[in-house]
Amino acid sequence: MTDLEQSRLLVTEIPGPRSLELAARKHTAVSAGIGTTMPVFCARAAGGIIEDVDGNRLIDLGSGIAVTTIGNAAPRVVEAVGAQAARFTHTCFMVTPYEEYVAVAEHLNRLTPGSGEKRSVLFNSGAEAVENAVKIARSYTGKQAVVAFDHAYHGRTNLTMALTAKSMPYKSGFGPFAPEIYRAPLSYPYRDGLVDKELGANGELAAERAIDVLDKQIGAANLAAVIIEPIQGEGGFIVPAPGFLPALLAWCRDNDVVFIADEVQTGFGRTGAMFACEHEGIEPDLICTAKGIADGLPLSAVTGRAEIVDAPHVSGLGGTYGGNPVACAAALATIETLERDGLLERARQIETLMKDRLGRLQADDDRLGDVRGRGAMIAVELVKTGTAEPDPELTKKLAAAAHAAGVVVLTCGTYGNVLRFLPPLTISDELLIEALDVLALVLADL
Ligand SMILES: *Cc1c(COP(=O)(O)O)cnc(C)c1O
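Presented here is a report on the structure given in the accompanying data block. If you're wondering where the values come from, they're calculated on a predicted model, not measured in any experiment.

Conventions adopted
Residues numbered from 1 in each chain as written. Predicted model: local features only at pLDDT ≥ 70, side-chain atom pairs only at ≥ 80, totals over all residues. Heavy atoms only, no water. Phe/Tyr/Trp six-rings, centres within 6.5 Å; stacked < 30°, edge-to-face > 60°. Buried < 20%, exposed > 50% of the residue type's maximum accessible area, 1.4 Å probe, protein only. Lys NZ or Arg CZ within 6 Å of the ring centre and 35° of its normal. Helix = DSSP H or I, 4+ residues; strand = E, 2+ residues; numbered from the N terminus. Polar contact = N/O pair within 3.5 Å; in protein donor to acceptor, adjacent residues only side chain to side chain. Axes fitted to C-alpha atoms, helices over the stretch in contact; angles between N-to-C directions. Parallel < 35°, antiparallel > 145°, perpendicular 65-115°, else oblique. Left-handed = near helix turned anticlockwise from the far one by under 90°. Contact = heavy atoms within 4.5 Å. Nonpolar A, V, L, I, M, F, W, Y, C, P; charged D, E, K, R; others polar. Disulfide = S-S within 2.5 Å. Core = buried A, V, L, I, M, F, W, Y, C linked by side-chain atoms within 4.5 Å. Domains from an automatic or database assignment.

## A word on the packing of aromatic side chains
In step 1: This model, assessed by the stated rule, comprises seven aromatic pairs.
In step 2: With centroids separated by 5.3 Å and ring planes inclined at 70°, the aromatic side chains of Phe268 and Phe275 adopt a geometry described as edge-to-face. The same class applies to Phe268 as to Phe275, namely buried.
In step 3: These aromatic residues form a ring-pair network of at least three members: Phe88, Phe93, Tyr98 and Tyr101.
In step 4: Over the face of the ring belonging to Phe177 we find Lys171, whose NZ or CZ atom lies 5.1 Å from the ring centre.

Dropping the structure here:
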């Protein structure tokens, strides 16, 4: 970690004058299609703090959307990136390969759930990993249809937009979308439980509802793959009821359908296990990873059973930058940091601390409809008092007030009513508690 002081400090209003100047330049230089959560420009970041260009220090509960899990500019990563950049920055792995790529693949094969022989292939972004997982599944099965779930988020490229559920802001006006994509109902314990208590608690029952769609509306004979986030990210940090994922996987195995786990947001220690699938004891056929893999350098991967990942013809997979050596060096340093510094255990401590505090808030305030998540991936679903009706206005106001007080929080959810917390695992308890105190104060004010 750099010497950035680990405390919240406000020296100007948020945003400050220097950020406002840069925001004006952004407005005239950058596409209006790129929105920002906070119009605050970053100068430095480390541990649990982002320092802005005006000298304000903000508590980071976002990790750049679940990316800087081991802490921003983590020391091992900074060193590895500098050393690798000085040796060579690029050759293209498809032209003259290099060891770093192979080493990342070996680690992925070792770390992902499943004991059989595995293979990996590297890309640049989460969406690119998802696209390639679908290519691999189609190549392996000789089938075309793909099923994604309600509330799913898989990216913003054409195929991944089709897989993503939410229209605004991700899809609206950007069609036509890729064909042969179908949608099945998810297990959403909080909302299912409002309709039917048993359905909310029993994942196998929710899986039956989904499998009915797969079986009757698409048909296993046409279905190449089922893709699912083991805990939904953008969709609202929805943890499916126990038994849902194993029942889906069992059906896929029985029907020659490739089961793809999109662990782009949940992977690399975020949920208190290396991969979220481990909480349900499942071994997916393919796993997509990105976000937390390389502490912010662009890298993603598809890992899975050797017979499946080896199915495409030679040169059928690839890309100019996929598995860039500098990004691979960052990934190797990230994996070393996760394993050596006990960060999975730290994620579980963060879960205990946050759920305890948020649970106490919820006990006194029925606008907190649901508190859920695993590890350092925790969310609050906000509803109108005395009901389960989503309250996106309250969520927006709460986030804005937290931002003004120097706490970076993100929102998500199909109904825009979920406040989500993705702190770096290197944040101190003191900073976490302070951020939750700010939130409690802000909530009481609204
Ligand atoms: C962020 C995300 C993606 C897309 O990743 P990009 O790197 O933004 O393309 C895909 N799936 C999930 C679950 C994600 O959270």
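That covers the picture; the talk isn't over yet.
## Regarding the side chain of Asn417
In step 1: Mapped onto the secondary structure, Asn417 falls in the loop between β14 (410-412) and β15 (418-421).
In step 2: A polar side-chain atom of Asn417 sits 3.3 Å from a polar atom in the side chain of Glu381.

## Observations concerning the packing of helix α3 (residues 75-87) against helix α12 (residues 325-340)
The angle between the axes and the distance between the axes are what describe a pair of packed helices.
In step 1: Taken N-terminus to C-terminus, the directions of α3 and α12 make an angle of 155°; their axes are 8 Å apart at the nearest point. As the angle between them shows, α3 and α12 are arranged roughly antiparallel. Considering only the axes of α3 and α12, their crossing is right-handed. Across the interface between the two elements, Arg76, Val77, Ala80, Val81, Gln84 and Ala85 of α3 pack against Pro325, Val326, Ala329, Ala330, Ala333, Thr334, Glu336, Thr337 and Arg340 of α12.
In step 2: Split by residue class, the contact of α3 with α12 holds nine nonpolar, three polar and three charged.

## Digging into the state of the cysteines
In step 1: Per the stated rule, a full pass over the model turns up zero disulfides.
In step 2: This cysteine, Cys252, is not joined by any disulfide, and Cys277 carries the nearest cysteine sulfur, 12 Å off.
In step 3: Cys328 forms no disulfide, and the closest cysteine sulfur to it belongs to Cys92, at a distance of 12 Å.
In step 4: Residue classification places Cys328 among the buried positions, given a relative accessible area of 0%.

## As for unusual backbone geometry
In step 1: Put simply, Ile14 and Pro15 share a cis peptide bond, and its omega is -5°.
In step 2: Inspection of the secondary structure assignment puts Pro15 in the segment before α1 (17-29).
In step 3: Put simply, Met168 and Pro169 share a cis peptide bond, and its omega is 5°.
In step 4: Mapping Pro169 onto the fold places it in the loop between α6 (158-163) and β6 (181-184).
In step 5: Although it is not a glycine, Ile65 sits at a positive phi angle of roughly 60°.
In step 6: Along the polypeptide, Ile65 turns up in helix α2 (residues 63-66).
In step 7: Judged by relative accessible area, Ile65 falls into the partly exposed class, the value being 35%.

## Some remarks on the nonpolar core
In step 1: Formed by 88 residues in total, the largest nonpolar core has its most connected members in Leu61, Ile260, Leu286, Leu299, Leu358 and Phe421.
In step 2: It is helix α15 (residues 429-445) that contributes the most residues to this core, nine residues altogether.
In step 3: Each of two domains, domain 1 (17-73 + 342-445) and domain 2 (77-340), supplies a minimum of three residues to this core.
In step 4: Dropping the residues within four chain positions of it, Leu61 is found in contact with Val407, Val408, Val409, Arg420, Phe421, Leu422, Pro423, Ile427, Leu432 and Ala435.
In step 5: Judged by nonpolar contacts, the second largest core, of 33 residues, contains Val147, Tyr190, Val213 and Leu223.

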